[in-house]
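Here's the letter readout for the chains.
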Amino acid sequence: MGTSAASQMVPDVCAPDVAAQATALQRFRRDVLRGLSVARKFIPSLYFYDARGSQLFQRIMALEEYYPTRCEREILERHGDRLVASLSERQGTLVDLGAGDGTKTRLLLSRFFHRSPGVSYAPIDVSPTALWDTASRMATEFPGLHVVPVVGEYAEGLRWLVAREGSGALLVLFLGSNIGNLEREAALSFLRELRAALRPGDHVLVGFDLLKDRAVLHRAYDDAEGVTSEFNLNLLARINRELGADFDLAGFAHRATFDPLRPAMESWLESLRDQTVTLAGRRLSFSAGELVHTEISCKYREEDISAFARSTGFHEVGRFRDDRGWFADALWRVPGPSL
Ligand code: AVJ
């Protein structure tokens, strides 16, 4: 832990009140029970990111097979200057939805900060530990940067956007193809809500993982070292830790499949035998071969990206790709005269 700028953030980031924690735990229990009580069992993917899951995701991002992170880093390194130059001069705040460890954001923030040292940085993430690390690292690296961390889901992020004070346009980052965790309809309604929370002259930069060779996709979601498997199984470990369940992790295995219709990669936990698990006084049965859905990671065609912008009210001002054309960052503007 570091500078005085960073330690001022301790009350915000590290001491969420006890009531809020209890509510979060109740929501976790309710969501898990609900997802495991239906015919096609599922666990919402936002629960991947406890402290352990965030660490595992960092290891995934460093994997040879997990190309999206490297592709997007290449994009921001190569085209960052052009990207920042195409924004209006009054860009005041960089909002980072699902900031994670912020390594990609740094590439843009440094360019912003050097152009106008008065900028603010608002990382929003469900993982308090990842958020704290990111917020304090940025505050240390860019002295004088105004850092406003927000712990929460995207919905909290949107509420924060609506209630924001002060002038200066926003650049909202939604990187890493995080949007891919939402089914098409959910992604569209999220983008519409985001659009409604913004003002003319604000911009968003959305990362889209492009459709590509299946073998490449498979390797990215089922790596040789088994880190993705551990990441997926950590959901059950977290349920054991926080909700007192008795999942036997050896009784489940990570599966990654490709659905060409959506198109998307999907992650599942397969029950390796008939078994019963106790969770919050309830007995849950799993049959051998039964699949629990844990994640969807949509893959996009170039024309999907244009259609997304069009049908959510954004105007596309730029699209940046890596050399192989595996990933795209789309820069969209909220149309209308900025005040
Ligand atoms: C962080 C949601 C973009 O879907 O590619 C990585 C998460 N899951 N490996 C993705 C993830 C398995 C990742 N996102």
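Up top is the structure these notes are about.
In short, a report on the structure. In this text the structure is predicted, and so the values were computed from the model without any measurement.

**A short note on the sheet that holds strand S7 (residues 252-259)**
With antiparallel pairing, 3 strands are arranged side by side in an open sheet as S7-S8-S11. Edge positions in the open sheet fall to S7 and strand S11 (291-298), since each of these has one partner strand only. Adjacent strand axes in the sheet meet at a mean angle of 20° when their direction is disregarded. Judged from the 8 bridges that link them, S7 and strand S8 (residues 264-271) form a sheet pairing that is antiparallel. Across the sheet, residue His254 finds its bridge partner in S8, namely Leu269.

**Description of the packing of aromatic side chains**
Inspection of the entire model under this criterion finds 21 aromatic pairs. Between the aromatic rings of Phe48 and Phe231, the centroid separation amounts to 4.4 Å while the plane-to-plane angle is 20°, which identifies the pairing as stacked. With Phe48 in the loop between helix H3 (18-35) and helix H4 (51-62) and Phe231 in helix H11 (residues 227-243), this pair connects stretches of sequence that are 183 residues apart. Residue classification places Phe48 among the buried residues on the basis of a relative accessible area of 1%. With 5.3 Å between their ring centres and 75° between their planes, Tyr67 and Trp326 make a pair best called edge-to-face. Residue Tyr67 is found in helix H5 (residues 67-85), and its partner Trp326 is found in the loop between strand S12 (315-321) and strand S13 (327-333); the two are separated by 259 residues along the sequence. An aromatic cluster is built from Phe48, Tyr49, Phe57, Tyr66, Tyr221 and Phe231, whose rings are joined through pairwise contacts. Taking NZ or CZ as reference, Arg115 lies 6.0 Å from the ring centre of Phe112, over its face. In this structure, Arg238 packs its charged tip against the face of Phe28, placed 4.7 Å from the ring centre.

**Some thoughts on the site of the ligand**
By nearness alone, 13 residues border the ligand, and Tyr66, Gly176, Tyr221, Glu295 and Ser297 come closest of all. A distance of 2.5 Å separates an oxygen atom of the ligand from a polar atom in the side chain of Tyr221. In this structure, a nitrogen atom belonging to the ligand sits 2.6 Å away from a side-chain N or O atom of Glu295. When the ligand sits alone it has 360 Å² of accessible area, and the protein chains cover 97% of it. Breaking the shell around the ligand down by element, the ones donating at least two residues are H4, H11 and S11. Grouping the amino acids of the shell around the ligand by side-chain chemistry returns 6 nonpolar, 6 polar and 1 charged.

**A word on the pattern of salt bridges**
For the structure on display, the rule yields 25 salt bridges. Across the pair Asp50 and Arg241 runs a salt bridge, and its minimum N-O distance is 2.7 Å. In this pair, Asp50 sits in the loop between H3 and H4 while Arg241 sits in helix H11, placing the two residues 191 residues apart along the sequence. Among the residues examined, Asp50 registers a relative accessible area of 9% and is labelled buried. Arg241 sits in the partly exposed class, given a relative accessible area of 47%. Taking the shortest distance from any N to any O, the salt bridge between Arg319 and Glu316 comes out at 2.8 Å. For Arg319, a relative accessible area of 17% gives the class buried. Three or more residues joined by partner-sharing salt bridges are found here, namely Glu183, Asp259, Arg262 and Glu266.

**Some remarks on the state of the cysteines**
Inspection of every chain in the model, using the stated rule, returns 0 disulfides. You can see Cys71 has no disulfide; the closest cysteine sulfur is in Cys298, sitting 18 Å from it.

**Topic: the environment of Phe190**
Topologically, Phe190 is positioned in helix H9 (residues 184-197). Here the alpha-carbon distance between Phe190 and Ala245, two residues 55 residues apart in the chain, equals 33 Å. What Phe190 contacts, discounting residues up to four positions off in sequence, is Leu97, Tyr154, Leu158, Phe174 and Leu182.

**So, the pairing of S11**
S11 sits mainly inside the fold: 7 of its 8 residues count as buried. Across 7 bridges, the pairing between S8 and S11 is antiparallel. Residue pairing in the sheet places Trp268 in a bridge with His293 of S11.

**Describing the packing of H3 against H11**
The interhelical angle for the contact between H3 and H11, taken along N-to-C directions, is 130°, at an axis separation of 11 Å. It follows from the interaxial angle that H3 and H11 lie oblique. As H3 packs across H11, the resulting crossing turns out to be left-handed. Across from Leu25, Phe28, Arg29 and Val32 in H3, the residues of H11 making contact are Arg238, Ile239, Glu242 and Leu243.

Cut-offs used in this document
- Residues numbered from 1 in each chain as written.
- Predicted model: local features only at pLDDT ≥ 70, side-chain atom pairs only at ≥ 80, totals over all residues.
- Heavy atoms only, no water.
- Pairing = 2+ DSSP bridges.
- Helix = DSSP H or I, 4+ residues; strand = E, 2+ residues; numbered from the N terminus.
- Axes fitted to C-alpha atoms, helices over the stretch in contact; angles between N-to-C directions.
- Phe/Tyr/Trp six-rings, centres within 6.5 Å; stacked < 30°, edge-to-face > 60°.
- Buried < 20%, exposed > 50% of the residue type's maximum accessible area, 1.4 Å probe, protein only.
- Lys NZ or Arg CZ within 6 Å of the ring centre and 35° of its normal.
- Near = heavy atom within 4 Å.
- Polar contact = N/O pair within 3.5 Å; in protein donor to acceptor, adjacent residues only side chain to side chain.
- Areas by Shrake-Rupley, 256 points an atom, 1.4 Å probe, with all protein chains shown as cover.
- Nonpolar A, V, L, I, M, F, W, Y, C, P; charged D, E, K, R; others polar.
- Salt bridge = Lys/Arg side-chain N within 4 Å of Asp/Glu carboxyl O.
- Disulfide = S-S within 2.5 Å.
- Contact = heavy atoms within 4.5 Å.
- Parallel < 35°, antiparallel > 145°, perpendicular 65-115°, else oblique.
- Left-handed = near helix turned anticlockwise from the far one by under 90°.

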